[in-house]
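Summary of the model geometry
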Amino acid sequence: MTGTRRDGDRTTEQGEADGERATAGGVTTPRPREADSPPTSPDPSTSTEPIAPWRVIAPPHPSPPAPGSPLRTSLALGAGRVVASMSRRLRLGSGGMIGGRLALSLQPGLLARLAAGRRIVMITGTNGKTTTTALVADALRSRGAATSNVTGANMLDGHVAALMTDLSAPFAALEVDELHLAQVTAEFAPSVILLLNLSRDQMDRVGEIRTVQRSLRTALERAPQTRVVANRDDPNIVSIGAGHPSVTWVSGGARWMHDALNCPRCGAFITDLDGPWRCECGLTRPEADWTVTETGVIGPDGAEHELNLALPGHVNRINATFAVAAAVELGCDPAEVLRRVADLRQASGRYSTVLLDDRVVRLLLAKNPASWLEMLDLVSGHDRPLILAVNSREADGYDVSWLWDVDFEALRGRSVLVTGDRGLDLAVRLRYAGVSCEVAATAQDALVRSGLEPDVVANYTAFRDLLSRSVAR
């Protein structure tokens, strides 16, 4: 083993094998072997200087495997497509993950190979990833074919599955889990990365926000040539993107502020989060390149463009502006991009109006305090029947203590039906909020009791189960 002593001298594996030892004067003397003589205790009277202990040097990381042959890549692609198709035909799933997983197992370097020569936009953040990815994909199609992981499979196997669906598409819009972006940038450098927002979500799986910040910062350090489009109103995002050499800043206003009250760099309290905030350590809100207004969006040239969306809510105006900014960075015409994003009505079932158990239902997804704030704001403008559904399965996160951070007091005066695995927990929270509610054993029971055309706000697995039983209108 090659080692380094604290005094800077080096020994080699060969030197140890020969039983030799280098002295301070450079003369090589034999070192006794255990088989030749018994070990003896050192004589303190003859010792002039203690030998410094060894400092272990870790071996270098093994080199990545050599790229597989074109035949191996073709076999991986073929096998992945067959398995994905079988999954869909047997109604075992969308095939958006299993096909990519098999292909990656057969050709570990497949993601970088599929990304080569394409202009890829990666979209990450706590909330809004799937909707923004759909908006970006539509925007990119104004200039050419674009593929996307529309099913929300947002880890490496999902990216492979998306890219292998259309090998000739010059563009791709890929949603990526916040903790997996660093794995992506270790494989290839995307053309654009969107950083939407950062707040608490699935803390039993993901951990604290600072953990996610470190991972995202590592991802950007690996991609210095990538254009980053980031949210200037979120101090957690600004802390991540501020050191990158190429950032476009988007401003849409701050709604959920409870996870950004303390500076992510020094911990000091930040005031005026809905204005030009600045921390004493120097972290400050950057100047905006794109700004969302009540009627449109102001671009880097100072011109305001009208933005009329089919998607509801101010949060989707922000998502659409991110999509416009990313598409313009890749050379798309702003007018055509604005027309395309205006036409999108739903994204993987989010905001969709469907038939469910012979009732017309609008499905809304909310999975953490920040997204519940937006969805409750969306349903507060009318008095349609309202169903809230909360599960706590693996994909949701088992901890539902975040229910106490949601401002359910906004529902006072309305009658609400609650259901799901954690329906009773939700009912207790609503009782403390002063909201009248009834508990339904199942979602079907809640729909029967709700009346006509209810809004259903559900977290991830509850939403997924309802969407799988629904029929598009």
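Structure: above.
Rules used throughout
Residues numbered from 1 in each chain as written. Predicted model: local features only at pLDDT ≥ 70, side-chain atom pairs only at ≥ 80, totals over all residues. Heavy atoms only, no water. Salt bridge = Lys/Arg side-chain N within 4 Å of Asp/Glu carboxyl O. Helix = DSSP H or I, 4+ residues; strand = E, 2+ residues; numbered from the N terminus. 1 Å grid on protein atoms, 1.4 Å probe; cavity = no way out; pocket = protein on both sides within 12 Å on 5 of 7 lines; lining within 4 Å. Points joined across faces, edges and corners; volume = space filled by probe spheres on them. Nonpolar A, V, L, I, M, F, W, Y, C, P; charged D, E, K, R; others polar. Buried < 20%, exposed > 50% of the residue type's maximum accessible area, 1.4 Å probe, protein only. Core = buried A, V, L, I, M, F, W, Y, C linked by side-chain atoms within 4.5 Å. Contact = heavy atoms within 4.5 Å. Phe/Tyr/Trp six-rings, centres within 6.5 Å; stacked < 30°, edge-to-face > 60°.

1. Concerning the pattern of salt bridges
For the coordinates displayed, the defined rule picks out 23 salt bridges. A salt bridge links Arg393 to Asp465; the nearest nitrogen and oxygen atoms lie 2.9 Å apart. Here Asp465 lies in helix H15 (residues 460-469) and Arg393 lies in the loop between strand S17 (386-389) and strand S18 (415-419), a separation of 72 residues in the sequence. Salt bridges here are not isolated pairs; linked through shared partners, they connect Glu336, Arg339, Arg340 and Asp343.

2. A short note on empty space enclosed by the protein
Tallied over the full model, the rule gives two cavities of 30 Å³ or more. Approximately 40 Å³ is the volume found for the largest cavity. Lining the largest cavity, in full, are Gln202, Lys367, Ala395, Asp396, Trp402, Asn459 and Tyr460. Each residue belonging to the lining of the largest cavity can be placed in one class, and the counts come to three nonpolar, two polar and two charged. As for the second largest cavity, its lining consists of Leu356, Ile387, Ala389, Thr419, Ala443, Leu447, Val456 and Leu466. Those elements that place two or more of their residues in the lining of the second largest cavity are S17 and helix H14 (443-450). Of the residues contributing to the lining of the second largest cavity, the split by class is seven nonpolar, one polar and no charged.

3. Quick notes on unusual backbone geometry
Positive phi values are uncommon outside glycine, yet Asp357 reaches one of about 55 degrees. Looking at the secondary structure, you find Asp357 in the loop between strand S15 (353-356) and strand S16 (359-365). Residue class for Asp357 comes out partly exposed when judged on its relative accessible area of 33%.

4. Some words on the nonpolar core
For soluble globular proteins, the rule of thumb is that nonpolar side chains tend to be buried together. The biggest cluster of nonpolar side chains holds 63 residues, and the ones touching the most others in it are Leu140, Leu194, Trp372, Leu388 and Phe408. With residues up to four places along the chain from it excluded, the contact list for Leu388 reads Trp372, Phe408, Leu411, Val416, Leu417, Val418, Thr419, Leu426, Leu430 and Val457. Counting 46 residues, the second-largest nonpolar core is a separate cluster that includes Ala76, Leu114, Val176 and Ala230.

5. Focus: the packing of aromatic side chains
This model, assessed by the stated rule, comprises three aromatic pairs. Ring centres of Trp372 and Phe408 lie 5.5 Å apart, and the angle between their planes is 65 degrees; on these two criteria the pair is classed as edge-to-face. Of this pair, Trp372 sits in helix H12 (residues 369-379) while Phe408 sits in the loop between S17 and S18, placing them 36 residues apart in sequence. In this structure Trp372 comes out as buried when scored by relative accessible area, which is 0%. For the ring pair Trp404 and Tyr432, a centre distance of 5.4 Å and an interplane angle of 65 degrees mean the geometry is edge-to-face. One end of the pair, Trp404, is in the loop between S17 and S18; the other, Tyr432, is in helix H13 (residues 423-433), with 28 residues separating them in the sequence. The exposure class assigned to Tyr432 is exposed, which follows from its relative accessible area of 62%. Cluster of aromatic residues (ring-pair linked, three or more members): Trp372, Trp402 and Phe408.

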